[in-house]
Amino acid sequence: AVVSTQSTGLYQKTTSVLIAEEISVALPTGSLVGRKGENFSFTCTVDGHPITSVTVDGPNSLVVDCFSSQQSGDFTCSSSDNQNFVISTDSFQLSTTGSYSCSASSEWYKDTSTRVTSSDSASFQLFMGSSTSLTVNKVNPEIGDSITFTCVVEGNPLPDDPELSKYVQLDSSNLAMTCLTGTFTKTCTVSIDKAALSDSGEYTCTGKNTIDNVEKTSSAVLQLVVVGDVKASLSHNQLSDEI
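For every chain, the first residue of the written sequence is number 1, and numbering continues from 1 along that sequence. Local features are withheld for residues below a pLDDT of 70 in this predicted model, meaning they are given only at 70 or higher, and side-chain atom pairs are given and counted only at 80 or more; totals for whole chains, interfaces and linings count all residues. Hydrogens and water molecules were not included; the side-chain quantities draw on all heavy atoms of the structure.

Q: Explanation requested: the sheet that holds strand β9 (residues 76-78) in the structure shown.
A: Strand pairs in the sheet, formed through backbone hydrogen bonds, run parallel or antiparallel to each other. For two strands to count as paired, DSSP must find a minimum of two bridges between them. Secondary structure is summarised from DSSP: a helix means a run of H or I of at least four residues, a strand means a run of E of at least two, and numbering begins at the N terminus for each. Reading across from one edge, β3-β5-β10-β9 is the order of the four strands in this open sheet, with antiparallel pairing throughout. Two strands close off the open sheet at either side, each with one partner strand: β3 (21-26) and β9. Between one strand axis and the next, the sheet turns through 20° on average, direction left out of account. Inspection of the sheet shows strand β5 (residues 40-49) paired to strand β10 (residues 84-89) by six bridges, in the antiparallel sense. When the sheet's bridge partners are listed, phenylalanine 40 is paired in β10 with threonine 89. All axes are obtained by fitting lines to C-alpha atoms, using only the stretch in contact for helices, and the reported angles, taken between N-to-C directions, cover 0 to 180 degrees.

Q: Explain the packing of aromatic side chains to me, please; I cannot follow it from the model alone.
A: Stacked, tilted and edge-to-face are the three classes assigned to paired rings of Phe, Tyr and Trp, where Trp is represented by its six-membered ring and a pair needs centres within 6.5 Å; plane angles under 30 degrees give stacked, over 60 edge-to-face, the rest tilted. On inspection of all chains with the given rule, the structure shows nine aromatic pairs. Ring centres 5.8 Å apart and planes at 70° place the aromatic pair phenylalanine 42 and tyrosine 100 in the edge-to-face group. A residue pair is termed long-range when its members are at least 10 positions apart, and phenylalanine 42 in strand β5 and tyrosine 100 in strand β11 (residues 98-109) qualify at 58 residues. Their ring planes at 45° and their centres at 6.0 Å tell us that phenylalanine 67 and phenylalanine 85 sit as a pair that is tilted. Residue phenylalanine 67 is located in the loop between β7 (62-65) and β8 (71-72), and its partner phenylalanine 85 is located in strand β10; the two are separated by 18 residues in the primary sequence. By relative accessible area, phenylalanine 67 is classed as partly exposed at 36%. Looking at phenylalanine 85, the relative accessible area reads 2%, which means it is buried. Among the aromatic residues, those joined into a cluster by ring pairs are Phe40, Phe42, Phe75, Phe92, Tyr100 and Phe124. Exposure classes here rest on a 1.4 Å probe applied to the protein chains alone. A residue is buried below 20% of its type maximum, exposed above 50%, and partly exposed in between.

Written out as structure tokens, the structure is:
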């Protein structure tokens, strides 16, 4: 705005002139990738004057209004210069991946009756790198128990089938798994009908998807417990391994 002041005798007149600029919106180019549970943010840059609204829309009915406290979802909006609007979350989740758009508008009056508006928007795709978890169905399994490992890998796009490997005394091997596939999740299991002492060791689940060049792993240690009369039936070599 341009402000001019004219003084004539005892009278002073002040005139404000608004210099309006067309609104334009810019978002990060290409695709963005977040990681589950971590901090994530992106910036919506708005050029033009005056800016009267900035709104971000995302998946699962997510709406962030940068000019009010009304919002839905896990993202918030902040700006220190009323031009660069930072959209952020402190815990990125798979449910927040998808298509996002940032829209801005401007409204002013050329005169008392002529209303003028300007608006623009931009969009991008938000993806999630692979995330894995590995669990065992029994906390303190005993020899002879039935044991099931469950490896869950998720991401957007859908990750490849994960690998479950066993590591014992510098030796590792991959185990065959059975997988159930969802939209962005694969749940894979490995079962041992009757666990032997040799099944003890460190198991690692590894997952990866095409949007992320970093493999994500999750590990679990299986330590079989020998109890009761079972110990007496072990071979000499097994007892040596146990010791």
